[in-house]
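What follows is the residue order along each chain.
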Amino acid sequence: MDHISFQQYESPAGTMIIGDYCGQICMADWAESKRHLRNKDKLSRTLNARFINRNTAITERTVTQLNEYFNGQRREFDLPLLPVGTEFRKDVWHALAGIGYGRTTTYAETAMRINAPQSVRAVASAIGDNMISIIIPCHRVIGRSGSLTGYAGGLNAKSALLALEAYTADL
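In this report, we go over the structure that sits alongside the text. (Residues numbered from 1 in each chain as written. Predicted model: local features only at pLDDT ≥ 70, side-chain atom pairs only at ≥ 80, totals over all residues. Heavy atoms only, no water.)

Regarding the overall build of the protein chain
Let me state the cut-off plainly: A helix here means a DSSP run of H or I that spans at least four residues, while a strand means a run of E at least two residues long, and both kinds are numbered starting from the N terminus. We take the radius of gyration over the C-alpha atoms and set the globule estimate at 2.2 Å times the residue count to the 0.38 power. Note on exposure labels: buried denotes an accessible area under 20% of the residue type's maximum, exposed denotes more than 50%, and partly exposed covers the range between, all computed with a 1.4 Å probe on protein chains only. Residue contacts are defined here by distance: any two heavy atoms, one from each residue, within 4.5 Å place the two residues in contact. None of His or the chain ends enter the tally, which takes Lys and Arg as positive and Asp and Glu as negative. Lysine's charge is taken at NZ, arginine's at CZ, aspartate's at CG and glutamate's at CD.
Check the secondary structure of the protein chain and you find 6 helices and 6 strands. Listing each helix as α and each strand as β along the protein chain from the N terminus yields β-β-β-α-β-α-α-β-α-α-β-α. For 171 residues, the compact-globule formula gives about 16 Å, and the C-alpha radius of gyration of the protein chain, at 15 Å, lands near that figure. In the protein chain, buried positions account for 48% of the 171 residues. Long-range pairs, those at least 24 residues apart, make up 59% of the contacts in the protein chain between residues at least 6 apart in sequence. Looking at the protein chain, you have 19 positive and 16 negative side-chain charges, and the mean spots of the two groups are 6 Å apart.

The structure is reproduced here in structure tokens:
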């Protein structure tokens with residue numbers, strides 16, 4: 001059985017778990033999330049790997065880049081990613097990666113972007129299942145009315161991330 005090395009990261013928006021599988025980030029998940037334990041179990045089963053608490057070069061690099069992000073010094077991440085999910089979910093997550101720093105979009109616009117305009121609910125579900133938060137920027141998806149909607153890190157974290165990006169976007 002392989003392993004997923006993980007370390008805890010205390011971000012300004014909450015505690016995250018950073019996971020490395022074979023030199024690729026497979027998790028940047030909110031520790032307090034209702035889905036966190038389910039996400040760990042899903043990764044463990046899908047990758048046939050067990051979690052071990054150990055820092056690696058890639059988890060340390062991720063922490064460095066997240067610190068730069070929170071300090072307003074980084075707008076894009078340069079990390080090898082391993083998103084685990086169906087092809088549909090990967091298409092959604094790929095679309096999220098295309099949302100520019102300091103910008104937002106809606107669930108319906110995301111569905112249009114992947115040529116699945118009738119699949120807004122499935123898109124929303126895929127966004128909710130994103131296990132690589134911030135790096136794959138699901139926090140940039142808001143409700144049609146402009147309202148903040150669910151977020152694994154909580155609405156306070158989502159609001160803080162969007163405020164950080166809005167504040168530093170023009171610097």
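Description of the side chain of Thr105
Selection rule: The term polar contact refers here to a pair of N or O atoms within 3.5 Å; inside protein, the definition further demands a hydrogen-donor-capable atom paired with an acceptor-capable atom, and it admits residues adjacent in sequence only when both atoms are side-chain atoms.
Topologically, Thr105 is positioned in strand S5 (residues 105–106). Judged by relative accessible area, which is 4%, Thr105 ranks as buried. At 2.6 Å, the side chain of Thr105 and the side chain of Glu109 are in polar contact. Those residues in contact with Thr105, other than ones at most four positions away along the chain, are Ile99, Thr110, Arg113, Arg140, Val141 and Ile142.

Observations concerning the layout of surface pockets
Here is the rule we go by: A cavity, in this analysis, means grid points on a 1 Å lattice covering only the protein atoms where a 1.4 Å probe fits yet has no way out; a pocket is instead an open set bounded by protein on both sides within 12 Å along at least five of seven lines, and a residue lines either one if it has an atom within 4 Å of a point. Grid points are joined across faces, edges and corners, and a volume is the space filled by probe spheres set on the points. Only Asp, Glu, Lys and Arg are considered charged, only Ala, Val, Leu, Ile, Met, Phe, Trp, Tyr, Cys and Pro nonpolar, and every remaining residue, Gly among them, polar.
Estimates place the volume of the largest pocket at around 330 Å³. Along the wall of the largest pocket there are 19 residues; nearest its centre are Phe77, Ala97, Ile135, Ile136 and Pro137. A class-by-class count of the residues in the lining of the largest pocket yields 12 nonpolar, 2 polar and 5 charged. Of the volumes computed, that of the second largest pocket is approximately 270 Å³. What lines the second largest pocket is a set of 15 residues, and nearest its centre among them are Arg35, Gly128, Gly150, Tyr151 and Ala152. Per-element accounting of the lining of the second largest pocket gives the leading share, 4 residues, to helix H5 (residues 120–128). Of the residues that constitute the lining of the second largest pocket, the class distribution is 6 nonpolar, 6 polar and 3 charged.

Focus on the side chain of Arg74
Summarising the element assignment, Arg74 is placed in the loop between helix H2 (57–70) and helix H3 (87–97). Only 2.7 Å separates the side chain of Arg74 from the side chain of Glu68, close enough to count as a polar contact. There is a polar contact of 2.8 Å between the side chain of Arg74 and the backbone oxygen of Glu76. Those residues within four positions of Arg74 in sequence are excluded, and the remaining contacts are Gln65, Glu68, Tyr69 and Tyr101.

Describing helix H6 (residues 155–168)
Helical geometry note: an α-helix holds 3.6 residues per turn, so side chains three or four residues apart project in the same direction. Put simply, the rule reads: How far a helix is expected to stretch is found by multiplying one less than its residue total by 1.5 Å. Here the arc refers to the directions that run from the helix axis out to each C-beta atom.
Under the 1.5 Å per step criterion, the end-to-end length of H6 is 20 Å for 14 residues, consistent within 8% with the ideal 20 Å. Residues of H6 that are buried include every one of Ala157, Lys158, Leu161, Leu162, Leu164, Glu165 and Thr168, and no others. Take H6 and look down its axis: the buried residues cluster within an arc of 155 degrees, on one side only. Across H6 from its buried face, at more than 90 degrees, point the exposed residues Asn156, Ala166 and Tyr167. In the core, the buried residues of H6 are packed alongside strand S3 (24–30), H2, helix H4 (107–113) and strand S6 (141–142).

Re the sheet that holds S3
The cut-off we apply is this: Two strands are counted as paired when DSSP detects at least two bridges linking them. Here an axis means a line fitted to C-alpha atoms, over the contact stretch when the element is a helix, while the angle between two N-to-C directions is reported on a 0 to 180 degree scale.
Taken in spatial order, the 4 strands line up as S3-S2-S1-S4 in an open sheet, and their pairing is mixed. Every interior strand has two partners, whereas the edge strands, S3 and strand S4 (49–53), have only one. On average, each strand axis in the sheet is inclined to that of its neighbour by 30 degrees, with strand direction left out of account. Sheet topology note: the strand S1 (residues 2–11)/S4 ladder contains 5 bridges and is parallel.

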